[in-house]
Amino acid sequence: MDSQERAPRRRQAEHLEQPQAQKRARGQNKGRPHIKPTHYDKNRLCPSVVQGSAAKCFFGDRCRFLHDVSCYLETKPADLGPRCVLFENYGRCPYGVTCRFAGAHLGPEGQNLVREEVVPAPPVRNSLDKALQQQLRKRKIHFERAEQALHQLGKGHLPSPTPSATVPEVPGAESAPGQDNCDAQQAPLAPCPGTPPSSPRQTCGPLTDEDIVRLRSCEKRQLDISGKLYLAPLTTCGNLPFRRICKRYGADVTCGEMAVCTNLLQGQTSEWALLKRHQCEDIFGVQLEGAFPDTMTKCAELLNRTIEVDFVDINVGCPIDLVYKKGGGCALMNRSAKFQQIVRGMDQVLDVPLTVKIRTGVQERVNLAHRLLPKLRDWGAALVTLHGRSREQRYTKLADWQYIRQCVAAASPMPLFGNGDILSYEDANCAMQTGVTGIMIARGALLKPWLFTEIKEQRHWDISSSERLDILRDFTNYGLEHWGSDTQGVEKTRRFLLEWLSFLCRYVPVGLLERLPQRINERPPYYLGRDYLETLMASQRATDWIRIRCLGTEEPGWGVLWGGWPSLTLPSACPHSEMLLGPVPSNFVFVPKHKANAYK
């Protein structure tokens, strides 16, 4: 081989040996540390061992998890507290040795202890069945009612709000002349024999009218929530533990977080978790987001058969670009044809009332709600919630309640709920004077979840810092019950707790206000609270929230959840205990560190 042939190969080899230049990270905050802990992913204990069936592994020979409990305990981090919430409440912790409070329920040989007076944990409602998830992933589900409704809508045959009852084809019986054959209310989603047990298919017993006659719209379960307090479906913050807090303080109606219909149809576990319902939620609904009639109608039929809800809400108010640019959320207000097909199709396949949440419009000075409300009433919506802002406004201006007053007449006799800027019972009273059927509370519940009690009792509650600390402690316990007491559950509870604290810090105690009430658009200056805990709760820095952790180290799982990062370790005793117990010095002024230079 001559030198001319060797030169290109030499340059190619040198090019391969050189390390490739790292691609420059674009966007904001790319240098932040990785939040998800990785130390517990290396030696994770097999779920079969955790659940007490180590003799038979769920994964067989392909299992990549650890089966040696002693080896796992050597690398497991130290316990976070001496008490386990699950063990104290129910007498048994399902997480066993993986629990971050396992010392409270582990025997001398590492066995999981069970108390004699075992109280069964409340069953999880609206959970995703494994058999159903497998059918969704393999696309073996047949949506007969949805396909029939979409076929009629595609031909331009728009059903009336109160269609006549139709009789399906039943084995051994012929359909009456002049009636279309359609699927029964209890028809299975899939014809295969692996129908999940959650499906309400009736295989034996007498044949009743409910089995063969479809419900008229006027015969559906009615949604009578006039005058009730409605907790808005809050994305990220409106999780099940937070809804339990709001229910305890007087919320009447709750709704799950916004769920994307395409993810539900794919059987994603994380999306189905948004539909879970606690037993204390007596009036509960779910909110769906989508841009196309076929996916929304099929998802409505799927939820109609598999979960237990009192109503289904359509999100037509989401302003974020990720949803808007795909044609969902607020974009549906400008897509009248698609919007009509979605509402009519979902109303046909649902046996529960269908509600819609909209905004005033897309552009700031172009209101569309007063033109859409009469159409929604004719399309079959049972209730509409109107947020008094447009998409462009977001939260830059106050909600337009005068426009909501005008929309009440346009929506009549359909119930209309109003939403926007309600932070006190006085705001709620002014909102009810516009003629709305009820009010929906969103950010006001995040700032002060006891707002529902204030509205019902018609008073301002000067809640103390210790009472607010008890609310956070209860949220922590609820989070450990819901997400789990293992490392992953602790991290999820911490994440959503810190998310909620970013709203709670904006609350100003009633005793410190110069005038009542506090307005939702008012950002208070940095102030000194009546005690040290109240001052820490007013801070917008997570480092100050961690100091609150020192006040609750004796509670189960309480102290560790205040750390902003998983790798953060704090001593069990607070170095500033004398400052926590004693009075705050009179010359002490609370100024966060990042604002200190402005006060020099």
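Definitions and limits used
Note that residues are indexed from 1 along each chain, following the sequence as it is written. Since the coordinates come from a predicted model, pLDDT governs what is reported: local features require at least 70, and pairs of side-chain atoms require 80 or more to be given and counted, while whole-chain, interface and lining totals use all residues. Side-chain descriptors were evaluated using all non-hydrogen atoms of the structure, hydrogens and water having been removed beforehand. UniProt positions are given in the numbering used here, feature names are shortened, and annotations may be inferred rather than shown by experiment. Note on aromatic pairs: the rings of Phe, Tyr and Trp (six-membered ring only in Trp) are paired at centre separations within 6.5 Å, and the planes decide the class, stacked below 30 degrees, edge-to-face beyond 60, tilted for the rest. Helix and strand labels come from DSSP, where a helix needs a run of H or I of at least four residues and a strand needs a run of E of at least two; each type is numbered from the N terminus. Relative accessible area decides the class of each residue, using a 1.4 Å probe on protein chains only: under 20% of the type maximum gives buried, over 50% gives exposed, and in between gives partly exposed. Two strands qualify as a pair provided that DSSP identifies no fewer than 2 bridges between them. Crossover handedness is defined by viewing with both strands directed away from the observer: a clockwise path from the first strand over the helix to the second marks the crossover as right-handed. Any pair of N or O atoms that falls within 3.5 Å is considered a polar contact. Within protein, one atom must be able to donate a hydrogen and the other to accept it, and sequence-neighbouring residues count only if both atoms are side-chain atoms. The quantity called pLDDT is the predictor's confidence in a given residue, expressed from 0 to 100. Pairs of residues are marked as contacts when any of their non-hydrogen atoms sit within 4.5 Å. The term salt bridge refers to a side-chain nitrogen of Lys or Arg lying within 4 Å of a carboxyl oxygen of Asp or Glu. The disulfide definition used here is simple: a pair of cysteine sulfur atoms within 2.5 Å. Lines fitted to C-alpha atoms define the axes here, with helix axes fitted over just the stretch in contact, and angles between the N-to-C directions of these axes take values from 0 to 180 degrees. When describing relative orientation, an angle under 35 degrees is termed roughly parallel and one over 145 degrees roughly antiparallel, while 65 to 115 degrees is termed roughly perpendicular and anything else oblique. Should the near helix be turned anticlockwise from the far one by less than a right angle, the crossing is termed left-handed; should it be turned clockwise, right-handed. Ten residue types, Ala, Val, Leu, Ile, Met, Phe, Trp, Tyr, Cys and Pro, are classed as nonpolar, four, Asp, Glu, Lys and Arg, as charged, and the remainder, Gly among them, as polar.

Naming follows an unreviewed UniProt entry, where the chain appears as tRNA-dihydrouridine(47) synthase [NAD(P)(+)] of Cnephaeus nilssonii. Recorded under Sequence similarities (unreviewed entry), the UniProt text for the chain is reproduced unchanged: "Belongs to the dus family. Dus3 subfamily." Quoted verbatim from the Cofactor (unreviewed entry) field of the UniProt record, the comment on the chain reads "FMN".

Attention shifts here to the packing of aromatic side chains. The way to describe two aromatic rings as a pair is by their centre distance and the angle between their planes. Tallying each qualifying case throughout the model produces eight aromatic pairs. Between Phe-242 and Trp-500, the ring centres sit 5.2 Å apart and the planes meet at 75°, which makes this aromatic pair edge-to-face. Taken as a pair, Phe-242 in helix 9 (residues 240-248) and Trp-500 in helix 21 (residues 487-504) lie far apart in primary sequence, 258 residues in all. Phe-242 gets classed as buried once you look at its relative accessible area, which sits at 1%.

Most of strand 3 (residues 284-289) is tucked away: six of the six residues are buried. Burial of strand 3 is two-sided: the residues Phe-284, Val-286 and Leu-288 facing one way and the residues Gly-285, Gln-287 and Glu-289 facing the other way are all buried. With five bridges connecting them, strand 2 (residues 254-260) and strand 3 associate as parallel partners. Looking at the pairing, Thr-254 lines up with Phe-284 of strand 3. As paired strands, strand 3 and strand 4 (residues 311-316) are joined by four bridges and run parallel to one another. Each bridged residue has a counterpart across the sheet, and for Leu-288 the counterpart in strand 4 is Ile-314. Read from strand 3 through helix 12 (residues 293-306) to strand 4, the crossover connection turns out right-handed.

Here the focus is the environment of Thr-434. The topology assignment puts Thr-434 in the loop between helix 17 (425-432) and strand 8 (438-441). As a C-alpha pair, Thr-434 and Ile-404 span 30 residues in sequence and 7.3 Å in three-dimensional space. Of the polar contacts made by the side chain of Thr-434, one reaches the backbone oxygen of Ala-431; its length is 2.5 Å.

What follows covers the confidence of the model for the chain. With 73% of its residues at a pLDDT of 70 or more, the chain shows a mean pLDDT of 79. Confidence over residues 162-202 falls short of pLDDT 50; this stretch has 82 contacts with residues more than four positions distant or in other chains. Contacts from residues 552-600, a stretch scored under 50 in pLDDT, to residues over four places away or in other chains number 87 contacts.

Let us look at the pattern of salt bridges. Taken as a whole and assessed by the stated rule, the structure comprises 26 salt bridges. Among the salt bridges present, the one from Lys-247 reaches Asp-282, with a minimum N-O distance of 2.8 Å. Of the two residues, Lys-247 sits in helix 9 while Asp-282 sits in the loop between helix 11 (269-272) and strand 3, which places them 35 residues apart along the sequence. Assessed through its relative accessible area of 16%, Lys-247 is described here as buried. Of the charged contacts, one joins Glu-457 and Arg-459 as a salt bridge, the two residues approaching to 2.5 Å between their closest N and O atoms. Judged by its relative accessible area of 32%, Arg-459 is partly exposed. Here the salt bridges do not stand alone but share partners, grouping Arg-389, Asp-421 and Arg-443 into one network.

Attention now goes to the state of the cysteines. One pass over the full model with this rule turns up zero disulfides. For Cys-57, which is in no disulfide, the shortest distance to another cysteine sulfur is to Cys-63 and amounts to 3.6 Å. Free of any disulfide, Cys-261 has its nearest neighbouring cysteine sulfur in Cys-299, separated by 5.5 Å.

With that settled, the discussion passes to the UniProt feature "zinc finger region: C3H1-type" (unreviewed entry) in the chain. Mapped onto this numbering, the UniProt entry gives "zinc finger region: C3H1-type" (unreviewed entry) at residues 40-70 and 83-108. Overall, residues 83-108 shows 23% helix and 0% strand. The separation of its end C-alpha atoms is 17 Å.

The next subject is unusual backbone geometry. The residue after Ser-412, namely Pro-413, is reached through a cis peptide bond having omega 5°. Residue placement: Pro-413 occurs in the loop between helix 16 (401-411) and strand 7 (416-419). For the peptide bond that leads from Leu-516 to Pro-517, omega is -5°, which places it in the cis range. Relative to the assigned elements, Pro-517 resides in the loop between helix 21 and helix 22 (532-537). One non-glycine residue with positive phi stands out, namely Asn-126, at about 65°. Despite not being glycine, Thr-236 has its phi angle at roughly 75°, a positive value. Following the sequence through the fold, Thr-236 ends up in the loop between strand 1 (229-231) and helix 9.

Within strand 5 (residues 354-359), six of the six residues are buried, leaving the element largely enclosed by the surrounding structure. Judged by which residues are buried, strand 5 turns out to be covered on both faces: Leu-354, Val-356 and Ile-358 on one side and Thr-355, Lys-357 and Arg-359 on the other are all buried. When strand 4 meets strand 5, the two strands line up parallel, connected through five bridges. For Val-312, the partnering residue across the bridge sits in strand 5 and is Leu-354. For strand 5 and strand 6 (residues 383-387), the ladder comprises five bridges, and the chain directions are parallel. Paired with Arg-359 across the bridge in strand 6 is His-387. Running through helix 15 (residues 369-379), the crossover from strand 5 to the neighbouring parallel element strand 6 is right-handed.

Here we come to the packing of helix 7 (residues 144-154) against helix 14 (residues 336-349). Following both chains from N to C, one finds helix 7 and helix 14 inclined at 140°, their axes separated by 9 Å at the closest point. Classed by the angle they form, the pair helix 7 and helix 14 counts as oblique. Considering how the two elements wind past one another, helix 7 and helix 14 form a crossing that is right-handed. Residues Arg-145, Ala-146, Ala-149, Gln-152 and Leu-153 of helix 7 pack against Gln-341, Arg-344, Gly-345, Gln-348 and Val-349 of helix 14. Of the residues in the contact of helix 7 with helix 14, the class split is four nonpolar, four polar and two charged.

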